[in-house]
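Topology and contacts: notes
Given next are the chains, with one letter for each unit.
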Amino acid sequence: MSLLAKIPNATLVKDFRPIAVLPVIYKLYSRVMYMLAETTCDRIYAPQFAFRKFHQAHEAVFIMRQNVEKAVEWKAPEVYIMDGDIKKAYDYASHALFAEAARSRGMHEVLIHAWLREWRNMKSEFKLDSQTTSRDVERTRSFPQGDPSEPMIFNLVLDTIAETFVKTAMKKGRGKKLQDGSWVNLIMFADNYWLVANDAHALRLMTCEWLRLLGGVGWETPTEDLTWCTTADDGISIGMFVDGKLIRRPKRGDGFKALGTIITFDNRFEVEIENRLARANATFYANWELLGCTSSPLAKRMQIFRATVEATFLWCAGSWNLRVEQLKRIKGAQPRLVRKMLRIERLDGEDMQDLIIRSNHIPKLRLRNTDIKHAWWDEGYVQLRLDWGGHVARLKKLDPTRLTYRVYNHWNYNAIRNESDQYRGKQHHGRCLHIWRWEYYMYFHLGRTWFDDAQNRDTWQACVNKTKEIIISKFGQR
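The text that follows walks through the structure, step by step, so that each part is easy to find. Nothing here was measured: the structure is a model prediction, and the numbers come from that model.

**Describing the environment of Thr-264**
Relative to the elements of secondary structure, Thr-264 occurs in the loop between strand S14 (261-263) and helix H7 (270-286). Residue classification places Thr-264 among the buried residues on the basis of a relative accessible area of 9%. In the structure, Thr-264 is positioned 33 residues away from Thr-231 in sequence and 8.8 Å away in space, judged by C-alpha atoms. Those residues in contact with Thr-264 that sit more than four places away from it in its chain are Val-68, Arg-252, Gly-253, Asp-254, Gly-255 and Val-271. Within the local environment of Thr-264, its side chain forms a polar contact with the side chain of Asp-266, the two groups lying 3.5 Å apart. Among the polar contacts made by the side chain of Thr-264, one reaches the main-chain carbonyl oxygen of Arg-268 at a distance of 2.7 Å.

Now the structure itself:
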């Protein structure tokens, strides 16, 4: 194993990231065993969105944003979410728990013993540099990094604990109960997890129970790494103690980080947009040697720009719910980066006003080249939003039991409309029906039949293309 420093001047073991170098023949062997066990090991009970076909990280973010949005809208009940991750999950994985989990899912004993034999026969040598290496270290636990079958096995092992936790929480009425009678109390993406509850006391009990289950198999989450937040007013003083330590609680408008995004609990996106712009700028300057190289064709540089900077900015943008001022913020950020790439300099005798006019005009001319295939970020946001709406709608047929669809379907737009009709246009907490939410965007621009239209991909694509042009036409000239 080669140790790569995660921070400058790394001194402690935790400051390094181990990169395993496995023999190719072992990877082929492991891949064959993975193919033999795939059908029996893909029976995941808990909502795990990592390392699974047709699942993605955006779903975990979408679920939390939907819970926050509907809690802010209805105020009853509030939502409380605990954010945490398992420390060194791969390194502390239990081989005994793997065998127990594999048997419970019906994996053949031959495959179980084959994997255990390979892991127990492995020896690791840690290499810091060409002169500094360790003795051979025998493996008594942990999964080898870089093994193609390990993601599936990790999910299988963690799901054994998650299933026990979810069933216990449902039995005790902890979590958030949805309209269809199901519950949302745990969301997972690899070793990241979020516990969901309707009150602080239940969240504390759920956290203690979850940490107890993790500790029973050698996993842990240090309490100082835990963060929780709620849609309840910041002025309400709630101290949450776990193992005698106070858990950090950020303000609603600050929220916490989750999979590269920021989940705020006031249903606003100013903080998230600034976070994405900061990350996009950092990515831009990290790739400046390529993006700013004027000897390379602009089409090639713009391709790199889309694959790095644009992809960073539009990460999980399908569940955004932006206002006009936020769209304007996006509209101005991208051209500034493009102008830097073109290296437009001030001419002799040119005043500042002429420079600004020329700087805005030149990128438009250069980007008209059909080989560049340039798209503006605000237009990309519209496209992603409509595409994500189609994905969520199609889950009704593809996987109606998935947590993503169940949370979306909980108090959806039609349910709120029916409720408000009974109270003369008001919701049950007295506020008028004035919705600023993700789903209303789809009804407003695509009509009441958008959900049914999304079931047919060809019909949906035609609707999306037509609607996108209408929305973009209202953005005005650039």
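**Some thoughts on the sheet that holds strand S10 (residues 227-230)**
Consider a sheet: its strands pair through backbone hydrogen bonds, and that pairing is either parallel or antiparallel. Overall, antiparallel pairing links the four strands, which are arranged S8-S9-S3-S10 in an open sheet. Two strands lie at the open edges of the sheet, namely strand S8 (186-189) and S10, each paired on one side alone. If you compare each strand with its neighbour and ignore which way they point, the axes differ by 15 degrees on average. Here strand S3 (residues 80-85) runs beside S10; their pairing, made up of four bridges, is antiparallel. What sits directly across from Tyr-80, in S10, is Thr-230.

**Looking at the state of the cysteines**
This structure, assessed with the given rule, holds zero disulfides. Here Cys-316 stays free of any disulfide, with the sulfur of Cys-229 as its closest cysteine sulfur at 18 Å.

**Here's the deal with the packing of aromatic side chains**
We describe a pair of aromatic rings using the distance from one ring centre to the other and the angle between the two ring planes. Tallied over the entire structure, the rule returns 27 aromatic pairs. Here the aromatic residues Phe-62, Trp-388, Tyr-405, Tyr-408, Trp-438, Tyr-443, Trp-450, Phe-451 and Trp-460 are joined through ring pairs into a cluster of three or more. Stacked on the ring of Tyr-45, the Lys or Arg Lys-167 has its end atom at 5.2 Å from the ring centre. For Arg-385, the ring lying beneath its charged end belongs to Tyr-441, and the centroid distance is 3.9 Å.

**A look at the pattern of salt bridges**
If you walk through the whole model with that rule in mind, you get 14 salt bridges. Residue Glu-59 pairs with Arg-402 through a salt bridge whose shortest N-O separation is 2.8 Å. In this pair, Glu-59 sits in helix H2 (residues 57-74) while Arg-402 sits in the loop between helix H12 (377-398) and helix H13 (403-409), placing the two residues 343 residues apart along the sequence. Two residues, Glu-109 and Arg-103, come together in a salt bridge whose shortest N-O distance is 2.5 Å.

**Side note on the environment of Phe-189**
Inspection of the secondary structure puts Phe-189 in strand S8. Taking the C-alpha atoms as reference points, Phe-189 and Pro-47, separated by 142 residues in sequence, lie 8.4 Å from one another. Residue contacts for Phe-189: discarding those within four places in its chain leaves Gln-48, Phe-49, Ala-50, Gln-56, Ala-57, Trp-194 and Leu-259.

Basis of the calculations
- Residues numbered from 1 in each chain as written.
- Predicted model: local features only at pLDDT ≥ 70, side-chain atom pairs only at ≥ 80, totals over all residues.
- Heavy atoms only, no water.
- Helix = DSSP H or I, 4+ residues; strand = E, 2+ residues; numbered from the N terminus.
- Buried < 20%, exposed > 50% of the residue type's maximum accessible area, 1.4 Å probe, protein only.
- Contact = heavy atoms within 4.5 Å.
- Polar contact = N/O pair within 3.5 Å; in protein donor to acceptor, adjacent residues only side chain to side chain.
- Pairing = 2+ DSSP bridges.
- Axes fitted to C-alpha atoms, helices over the stretch in contact; angles between N-to-C directions.
- Disulfide = S-S within 2.5 Å.
- Phe/Tyr/Trp six-rings, centres within 6.5 Å; stacked < 30°, edge-to-face > 60°.
- Lys NZ or Arg CZ within 6 Å of the ring centre and 35° of its normal.
- Salt bridge = Lys/Arg side-chain N within 4 Å of Asp/Glu carboxyl O.

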